[in-house]
Amino acid sequence: MLQDSVQVYSLKSYFCRMNFIIEQTVSAIKTLYGVEIGESEISLQQTRREFEGQVTIVTFPFTRFSRKSPEQTGQEIGAYLLASTPEISGFNTIKGFLNLVISDRYWIGLFNDKLSRADYGQLAPNGKKVMVEYSSPNTNKPLHLGHVRNNLLGFSVAEILKAAGYEVIRTNLVNDRGIHICKSMLAWQQFGNGETPANAHIKGDHLVGKYYVRFEAEIKEQIAEIKNNLTSTSLISNETRNAVLSKESVIKKNKAIINYTVTSIAPAIRELGPDAEIRLETALDNANFKPLLDVVRKKSPDKKLIEAVSQCNESQKVISEAEEIKNELVRNGTPLMREAQQMLRKWEAGDEEVINLWKMMNDWVYAGFEETYRNLGVAFEKFYYESDTYLLGKDLIQEGLEKDVFFKKDDGSVWIDLTAEGLDQKLVLRADGTSVYITQDLGTAQLKYDDFGMDESIYVVGNEQDYHFKVLFLILSKLGKTWAKGLYHLSYGMVDLPSGKMKSREGTVVDADDLIREMTETATQYTEESGRLDGFSPEEKQELHQMIGLAALKYFLLKVEPQKRLLFDPKESVEFQGHTGPFIQYSHARIRSLVAKANYDENSGWNGYETLLPEERELILALNGYPAMLEAAAKDHSPAMVANYVYELARLYNKFYHDAPPILKTEDAASRNFRLRLSLVVGAIIKRCMGLMGIGVPERM
RNA sequence: GCGCCCAUAGCUCAGCUGGAUAGAGCAACGGUUUUCUAAACCGUCGGUCUCAGGUUCGAAUCCUGAUGGGCGUACCA
C-alpha cells in the first residue's frame, strides 16, 4: 500500500535529500557525544535564502545529549562534518541552525551523473498494479465543470502513478441505466418529434440533456397544477391525495400550535431585549426556531418560556419534515413520474421498444462524451456499464449472511451493523431481494478485482460520498477480502461559482464543452494581441490556442488540493500570467527557443566549469528534488504537489534566465554549454511535470 | 442530534513527518527591453495564520474545546 511508503515529502525538504549528510551527522553525534541516533531523527531542510549554505540541520534536538547550547552543538557538528566530508566546504551556525555549504564540485557532479541523464525522473517499475476509476458520468446530460475536475484529477493521478512505477488501469464506470435516463427517454418520446443529433445539429449528449431538462420543466408544471387543485385534480390517485391531505393536516395543526404559542410568549421574549426580539421575527420568517431557542436558554431563567420556545422548535421540525414528505409524494405521484417509473420497469423486463430507445439515446450520448473526452485529453483502458453490473453483489450478500457479517430483519431485508465502528446500521439488500446502491458497488468491486487482480484501486468521486465509501470499504474488509486494504477513495471538493453552488435546476451549471471553447477563445485573443506567431499556419495556431487555453483551465483546477472546495469565476479565474499554466508553458517555450537558437550540440561538455551562479545552484537543488516530489505526489494522490513544484521550477528558471549573462553571447564554451544543458534539463522536467497533469507544452508561443 | 471536510494577505492559493523574520500569484503603486520570447524580471504596499486553552526549548503545523462555512446522516445513485 502507498501509505506504507517510508519517504515523506515536504516542500522544504525535498530539495535536499542527501543521505551522505545524514549518515555523517549520525557518526558525528556518535563520535562527539557517544549517542547512537536513528537517521530519521535528523531532519534536513533547505537553507533560507538570506543565509549562506544550501542544507540546514536543526540542532535543538541534539542539545539533550551534547549538554551544550544549540549554537555550540552546531559548531561542533559543523566542524566534524567539514573535516570528514569532502563535499562540505563550509558551515555557519545561527541559533539552533547549522547551515552547511556544499561545494559546487558536488552540485556539478550531481548534475553530470544524475540530473542531466535523459531518463532522469522516471522511477523504476515497482511491480504493482493500480486501478484508477474516474469520470463515471450519468448518460442523461452533458458533462459540466464538476465532471471536469473529476476527469482531470483522475487522469493526472493515473499519470503520476505511472511515472512512479505503477502499472495503471484507468476505468470509467458509466451510469447508463436508472430513472434519470428514463426521464430523458420519456420526454423525447413525448415531445421530441423525432429530433436527432444529426437532424438538429446538436451534440448527442446535449440533445439528451435537453430532454432531461424538458422533463423537469414539465413535471414542475404538473406539480404546480396538483398543488393548486389538490382536492379536485385528476392527475394523482386518490391514495396519493389522501396521503398528501393527511400531511397537510399535520402541517396545519403544528402551525396553529406555533401561532398560539408565539402570541402568548411574545411579550416575555421582548423583555429579553432587542436581540431576542429580532430572533423571534427571523424565526417566523425562516421557519427556524433554533437561534431563538439558544438566546432564550442563555438569557431567561424561566423554564416555562424555554419549554414553549422548545415546543415551537419541535413543531417547526415536524412541519419541515411533513412538507418534505408531501413534496416527495406529489412529485412521485405525477403522471410523468409514474410513467418514467413504468418505463424503468419495462427496461428491467427487457421490453424491446424501451431497450431500443435506450440504446439509441445512449449512443448519442457516448458520441458526445467521446468528443469531450478527446478535447480534455483523457482516456480509459476499460469501461464498465451499470446496465451490466447493477444486478451484481447479491452473491456477496449471501456470503456475508453465511459469515454472519450481515443479518436479516423480520421483513427479509438484509443489514450490516456498523455501530461498533461509529457508523450506523446500513441496508445492503431490500426485503424484495432487489439491490441498493451499495449492493452493486460491492459486486462491482469484486468484479474489478476478478478482472485485473490489482494491488490498489482508487475511486475518484466527490466528497459528498465520503460516507458511502467508508461503509463500502469497511464491508469488504469485514467480508474478508484481502484486497480491501488497497481501496482508496480520492475525495474532492465541489466546484463553486461566485453565485454559489452549481445547480442544474437553476441553470447555473457551467457546461464542459462551452468552457473548453471559451478558454480556447480567450487564449486566441490573448495570443493574437501579443502577436508573436509569425510563421504559424492557421492549423498550428488553432492547436496552440487550444493547448494554452486548456493549460490555463487544467492548471487552475489541479493546483488546488483535491479535498478543498474550489471557487471558479468564469470571468476572472483563468489567467495567463503569474501562477498559471500558460506561464509554465511560456517558460518551456523560452527554453526551447533558446536551445534552438544556440545550435546546441548535446555531446558538448562543460569541463572546467567549477563555480556556479546562485541561480544555477538553486535550479540544481530544485531538479534534485523531483523524484522525491513525484513519490510524494503518488503517495498522496496529489496533482497539486506537481503543480506547485513545477511552478517553483519555472519561476527559478525565469530568474536565472533574467539574471545570468546572456547565454548566446557567452564566449566561454564551458559556461555556455553548461547553461544550455541546464536549460535543456529544466525544460525536460517542466515537460514531464506538465505531462503528469495532462498539459502539453509548446516549442514556441 | 451525530459524523466527516474546510478556515492562512482585499481575492485565489502554497506552507502542516513541530524549527529561523509565515510564502507565491492576482489586485494597487513604482521600476527594468540598442541581452537569448516583457505570457518575464525587480521593488513597495498588504497577515492578531478564525478564536480560546493545552503539549513543547520552539506551534500556522500536534491535542482539546468553541465559532463560521460545506457535505453527509435515504429501502436515491
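Below is a summary of the structure that appears in this document. (Residues numbered from 1 in each chain as written. Chains lettered and ligands numbered in written order. Predicted model: local features only at pLDDT ≥ 70, side-chain atom pairs only at ≥ 80, totals over all residues. Heavy atoms only, no water.)

**Brief notes about the packing of helix 5 (residues 145-163) against helix 23 (residues 626-636)**
Interaxial distance between helix 5 and helix 23 falls to 9 Å at its minimum, and their mutual angle equals 130 degrees. Looking at the two axes, helix 5 sits oblique to helix 23. Once helix 5 is placed against helix 23, the crossing between them reads as left-handed. Contacts between helix 5 and helix 23 pair Ile 160, Leu 161 and Ala 163 from the former with Leu 630, Ala 633 and Ala 634 from the latter. (Axes fitted to C-alpha atoms, helices over the stretch in contact; angles between N-to-C directions. Helix = DSSP H or I, 4+ residues; strand = E, 2+ residues; numbered from the N terminus. Parallel < 35°, antiparallel > 145°, perpendicular 65-115°, else oblique. Left-handed = near helix turned anticlockwise from the far one by under 90°. Contact = heavy atoms within 4.5 Å.)

**Brief notes about the protein's contact with RNA strand B**
Taken together, the neighbourhood of RNA strand B is formed by 67 residues, with Phe 97, Arg 430, Arg 565, Tyr 586 and Pro 662 sitting nearest. Here RNA strand B approaches the protein such that, of its atoms within 4 Å, sugar and phosphate make up 61%. At a separation of 3.1 Å, a base nitrogen of RNA strand B approaches a polar side-chain atom of Asn 99. Elements that contribute at least two residues to the surface near RNA strand B include exactly strand 2 (55-58), strand 4 (97-102), helix 18 (466-478), helix 19 (512-530), strand 15 (566-567), helix 21 (581-598) and helix 24 (639-659). Among the residues making up the surface near RNA strand B, the classes are represented as 28 nonpolar, 17 polar and 22 charged. (Near = heavy atom within 4 Å. Polar contact = N/O pair within 3.5 Å; in protein donor to acceptor, adjacent residues only side chain to side chain. Nonpolar A, V, L, I, M, F, W, Y, C, P; charged D, E, K, R; others polar.)

**A look at the pairing of strand 11 (residues 456-462)**
Counting buried positions along strand 11 yields seven of seven residues, so the element is predominantly enclosed. Side chains of strand 11 alternate between two faces, with Glu 456, Ile 458, Val 460 and Gly 462 and Ser 457, Tyr 459 and Val 461 buried alike. Taken together, strand 11, helix 18 and strand 12 (residues 487-492) constitute a β-α-β crossover, and its handedness is right-handed. (Buried < 20%, exposed > 50% of the residue type's maximum accessible area, 1.4 Å probe, protein only. Right-handed = clockwise from strand over helix to strand, strands pointing away.)

**A few points about the packing of aromatic side chains**
To describe a pair of aromatic rings, one takes the distance between the centres and the angle between the planes. All chains considered together, the criterion is met by 28 aromatic pairs. Aromatic pair Trp 347 and Tyr 390: ring centres 5.5 Å apart, planes at 55 degrees, arrangement tilted. Taken together, the residues Trp 347 in helix 13 (residues 335-349) and Tyr 390 in the loop between helix 15 (386-389) and helix 16 (394-402) connect sequence positions 43 residues apart. Looking at Trp 347, the relative accessible area reads 8%, which means it is buried. Relative to Phe 576, the ring of Tyr 526 has its centre 4.9 Å away and its plane inclined at 20 degrees; by these criteria the two rings are stacked. You can see Tyr 526 sitting in helix 19 and its partner Phe 576 sitting in the loop between strand 15 and helix 21, a full 50 residues away along the chain. Classification of Phe 576 as buried rests on a relative accessible area of 12%. (Phe/Tyr/Trp six-rings, centres within 6.5 Å; stacked < 30°, edge-to-face > 60°.)

The values reported here are purely geometric and, on their own, carry no functional implication.
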